[in-house]
Amino acid sequence: MKQTLQPQQGYVLAFADFERGAAAGPSWLTPLRKAAFSRFDEVGFPTRHDEEWRFSNPATLAETPFQLAQPTEVSAADIAPFAFPEIGGTRLVFVNGGYIPALSVRGSLPQGVTVGNLSEAFTAHHPAIEPHLARVAKFDTAFPALNTAFLSDGACVHIPRGVVVTEPIHLLFLSTEAGHPTVSHPRTLIVAEENSQATIVESYAGIGQGTTLTNAVTEIVVGPSANLDHYKLVRESKAAFHVATMQVQMARQSVFSSHAINLSGLFVRNDANAVLGAEHGECTLNGLSLIDGKRLVDNHTAIDHALPNCNSHELYKYILDEQGRGVFNGKIYVREDAQKTDAKQTNQSLLLSDDAQINTKPQLEIFADDVKCTHGATIGQLDPEQQFYLQSRGIPKAEARNLLIYAFASDVVSRIKVAALRDQLDALLLAELPKR
């Protein structure tokens, strides 16, 4: 209790200051913030005694005196390494949680599509906001509650019924160093209405090497027969903490896929949750994490099959070197009414050193009897025979090793449908491998 009391009191003071200076918003937002902070004050920060955090100690998160990050000027040169100009389309840039219009690019969007920041959407009384914001992702645990309590801006994407957006929409969230530990609370709301289609790239990066905490919440609504491709890339600084919750609500015959790529950050925790709330939905959650040094990446997933005839697929891969630590906890729930469910879950880990560590826990909870569900985990090292074969063909030892690692990783990257993004991630991957 003593470990969490002082940080919580610090957040009480920060929330009081935030309330006094919070930007104007709709009338329903203020009680929502208050309810969220009340919930945080009630539950406090998690500890290793909580089952969901037993392998990733959140003590440093609770004990570090993070201060709310302030708006900071950055240049086009600062964001260039993270901007992905090759993918084209629309790009929104947020720095320390605040929208930066000067660095954003508004591409050619079909009529009726909204891609902007939440504060503008509040002012315009956008009809998609109130029914979904903080309704899809509940604030019943500490970090979503904190994000909702400090909600003032973020990204808003609304695809109207029957509209197809052909070019990707890139949401870029940056954190900057400030000489002391800072926290930002990025918020994203994505609503794809019936028969719509879009591709979203959500990326997080750091400028400088200061200690930062990114506490992100992404809410996604996929309407009937809608198709949404989602990609997330984490390239925070080496001293950064990244805690994120993604909550997806899927309707009848909807299709959702997400690929999460983790390349940097000292402590990364991703909670990816999806509810297949109507028949004939299809959900894919894939991930790739490169972990070295003393870094930790923890992926928690939960796919809830609430109704019949839905499919889900998961493939999470880890490459661990030095003293890197990985955690995978995947849950598939099949409710009593969810007959004809087809669910597959796989976690594969490649250990490159004797000190690397992976804790994996794939789980099935099935309450229906006419289902087809599989889950499994494998942990291994590079095959010396394969490496010898490549060396016998004249490939140097280090290059042979990197080729085998790349082949293991590319199984996830090759599933990315946006060619320009896939090529960029390929290049990033090839650049990272020699360092390991």
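Structural notes, computed from the coordinates.

## Considerations on the pattern of salt bridges
For the structure on display, the rule yields 19 salt bridges. Between E51 and R54 there is a salt bridge, and its shortest N-O distance comes to 3.6 Å. By relative accessible area, R54 is classed as partly exposed at 38%. Note that D304 is salt-bridged to R335, the shortest N-O span being 3.0 Å. One end of the pair, D304, is in strand β16 (residues 296-305); the other, R335, is in the loop between β18 (325-334) and β19 (342-351), with 31 residues separating them in the sequence. Given a relative accessible area of 15%, D304 falls into the buried group. For R335, a relative accessible area of 34% corresponds to the partly exposed category. Because the salt bridges share partners, they merge into one network encompassing E51, R54 and K361.

## A short note on empty space enclosed by the protein
Throughout the structure, instances matching the rule amount to six cavities of 30 Å³ or more. Taken together, 18 residues make up the lining of the largest cavity; nearest its centre are K232, M246, N270, D271 and A272. Put simply, the parts of the chain that give the lining of the largest cavity at least two residues each are β9 (197-207), β10 (212-222), β11 (227-235), β12 (241-250), β13 (255-262), β14 (267-276) and β15 (282-291).

## Some points on the packing of helix α2 (residues 29-43) against helix α7 (residues 142-149)
Interhelical geometry of α2 versus α7 gives an angle of 150 degrees and a closest axis separation of 8 Å. Accordingly, the angle class assigned to the pair α2 and α7 is roughly antiparallel. Between α2 and α7 the crossing geometry is left-handed. Judged by residue contacts, L32, R33, A36, F37, R39, F40 and V43 of α2 engage A142, A145, L146, T148 and A149 from α7. Residue composition of the contact of α2 with α7, by class: nine nonpolar, one polar and two charged.

## A short note on the sheet that holds β9
Pairing is mixed in the open sheet, where ten strands are placed in the order β3-β2-β6-β9-β11-β13-β15-β17-β19-β21. Whereas interior strands pair on both sides, the edge strands pair on one side only; in this sheet they are β3 (98-99) and β21 (372-380). For β11 and β13, the ladder comprises eight bridges, and the chain directions are parallel. Of the residues in β13, the one forming a bridge with K232 is A260. Against the sheet, helix α9 (residues 397-413) engages β13, β15, β17 (311-320) and β19, with an angle of about 150 degrees to β17.

## Description of the pairing of β11
By the criterion of burial, β11 is predominantly enclosed, with eight of the nine residues buried. In this sheet, β11 lies alongside β9 in parallel orientation, the contact comprising nine bridges. Looking across to β11, one finds that Q197 is bridged to N227.

Rules behind the numbers
- Residues numbered from 1 in each chain as written.
- Predicted model: local features only at pLDDT ≥ 70, side-chain atom pairs only at ≥ 80, totals over all residues.
- Heavy atoms only, no water.
- Salt bridge = Lys/Arg side-chain N within 4 Å of Asp/Glu carboxyl O.
- Buried < 20%, exposed > 50% of the residue type's maximum accessible area, 1.4 Å probe, protein only.
- Helix = DSSP H or I, 4+ residues; strand = E, 2+ residues; numbered from the N terminus.
- 1 Å grid on protein atoms, 1.4 Å probe; cavity = no way out; pocket = protein on both sides within 12 Å on 5 of 7 lines; lining within 4 Å.
- Points joined across faces, edges and corners; volume = space filled by probe spheres on them.
- Axes fitted to C-alpha atoms, helices over the stretch in contact; angles between N-to-C directions.
- Parallel < 35°, antiparallel > 145°, perpendicular 65-115°, else oblique.
- Left-handed = near helix turned anticlockwise from the far one by under 90°.
- Contact = heavy atoms within 4.5 Å.
- Nonpolar A, V, L, I, M, F, W, Y, C, P; charged D, E, K, R; others polar.
- Pairing = 2+ DSSP bridges.

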